[in-house]
Each structure stands twice: as C-alpha cells, then as structure tokens.
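# Descriptive analysis of the structure
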Amino acid sequence: MKNAFVLFFMITVLTAFSQNKETERLIEVNGRSEMEIVPDEITFNIGIEEYWKEEFEKKKDVKDYKTKVPLAEIEDEFIKNLRKAGIDKEDVKVKNMGNYWRNRGKEFLYSKQFEIKVTDLSKINKLTQLLDSKGIKYMNIGELNHSKMAEYKKQVKIDALKDAREKARYLVESIGSELGEVVTISELNDGYYPPITRSQEMMMMKAASADMNTESIDEVQNIKLEYQVRAVFRIK
C-alpha cells in the first residue's frame, strides 16, 4: 500500500511539472557587442647580427668576405640608438642569442634578439630611422595590447547581454506581453582581433634594404573585441 502511494505521488508531481513546462512561455534571442581599443602596449622585436663588410661592396662574392663586423660593435651602436629614441633600458629584454647556420668555409655570424616594449609608436619609428640596417637581421611588431584589456573584455560581455535583453524586451512588448527574468545564458564566441599595421610591413622592408626611405606612421590600427551571447527569457 505504501509503495502504491509513493508511485501515485511521483506520477502526480511529474504530470504537474509537464503541464507547467507546456504552459511556460519563453523567448530566445542573441545579443552582440563590439568595442575598438587604441593599443597602449606595443611589443617590438628586433634582431641584430654580425656581417661582413664585403657584403655591401659591389662585385663581391661570398669567397671575398673577410672583414667581419663583431656583434659587440653592432650592439653598442644599437644601445646608443635606443637612448636617442627615448627608449629606457628596462623596456628592453634579450630574447635569444647565438646562431645555427654559417656559410661554408666561413665563421659563424653571431646574433642577438631583443624584445622592446613601448607605449608610443613614434619611439619605434625614430629608432628605425637611426639604425644602420647593415647589422639588423629583422624588425617587426610582435604584439599590440592594452593595459586594461581584462576590463574591456568584461564590459563587452555585459553589453552583449544587455543587447539580448533589450531585443527580447521590445519583441515581447510588440505582442502586448511583458519580459520576465532570464532563464539561461550561453556564450557563443569571445572574439579578439589583433590589428595588422602598415608600419610592421614598412619596418621589415627597412631592415632588408639600407637605401630604402620609408614613410613614418604614428598610429596603429585599433584592437577589436567582439562578443555574442544567446539568452532565454520568460514571458510574463
């Protein structure tokens, strides 16, 4: 008798729950938000390397390379140019040094890689104008970021949910009803689009040619944040 009562009670609860689900009115919408941020943290990568003076003389072949410019001399000039460009010593880190390849029958050409962090692109432009490209192996912008990136990402997510709620509100009100509380929230994406700058391309071109005159660019493209959310709300 006791088991029969328990079974009857469970069937009653499930039936009531099923009926409630059938009569519950819901609306599902997507919300979206975008934000563009001006970078205030610029990471610039630069590599210096020993070279042969004869490389830059006309009608010279590899077999004629004899006079090597040492890394210490190139680095000394590089550090002086950093100071002239207004870049502080603590903003420069050594990433790597050494080499893994050499011309047959020739000494190794030692190299050193640096990572420079600045907040002003004009300092990088000034540095590239000062450097002698003969001792430069490569130059490029490694990363563009913002010191408050976490706060901006949080805000763009909040704005996306607000957009979803506003969309649900006016749709529900258009049929004479009132929007209720949120039931579920699902993240659809968390987009981060790092910018590509013309200055990066120009800096690499400058490193490849000592005779190239490049235009100075004092701005970088903005960082783009994009976020989408799906939300389900009750209709009162």
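Everything numeric in this text was worked out from a predicted model, so none of it was measured.

What counts, and where the lines are drawn
Residues numbered from 1 in each chain as written. Predicted model: local features only at pLDDT ≥ 70, side-chain atom pairs only at ≥ 80, totals over all residues. Heavy atoms only, no water. Buried < 20%, exposed > 50% of the residue type's maximum accessible area, 1.4 Å probe, protein only. Helix = DSSP H or I, 4+ residues; strand = E, 2+ residues; numbered from the N terminus. Pairing = 2+ DSSP bridges. Axes fitted to C-alpha atoms, helices over the stretch in contact; angles between N-to-C directions. Parallel < 35°, antiparallel > 145°, perpendicular 65-115°, else oblique. Left-handed = near helix turned anticlockwise from the far one by under 90°. Contact = heavy atoms within 4.5 Å. Nonpolar A, V, L, I, M, F, W, Y, C, P; charged D, E, K, R; others polar.

### Regarding the pairing of strand β1 (residues 26-37)
Taking every second residue as pointing to the same face, the buried face of β1 carries Ile-27, Val-29, Gly-31, Ser-33, Met-35 and Ile-37, while none of Leu-26, Glu-28, Asn-30, Arg-32, Glu-34 and Glu-36 on the other face is buried. When β1 meets strand β9 (residues 223-235), the two strands line up antiparallel, connected through twelve bridges. Considered in β9, the bridge of Met-35 is made with Leu-225.

### Comments concerning the packing of helix α2 (residues 71-84) against helix α3 (residues 121-130)
The N-to-C vectors of α2 and α3 enclose an angle of 140°; their axes lie 9 Å apart at closest approach. When the axis of α2 is compared with that of α3, the two are oblique. For the pair α2 and α3, the sense of crossing is right-handed. Of the residues in α3, those touching α2 at Asn-81, Leu-82 and Lys-84 are Lys-126, Leu-127 and Leu-130. Its residues assigned to classes, the contact of α2 with α3 shows three nonpolar, one polar and two charged.

### Describing the side chain of Gln-113
Within the secondary structure, Gln-113 is located in strand β6 (residues 111-118). You can call Gln-113 buried: its relative accessible area is 11%.

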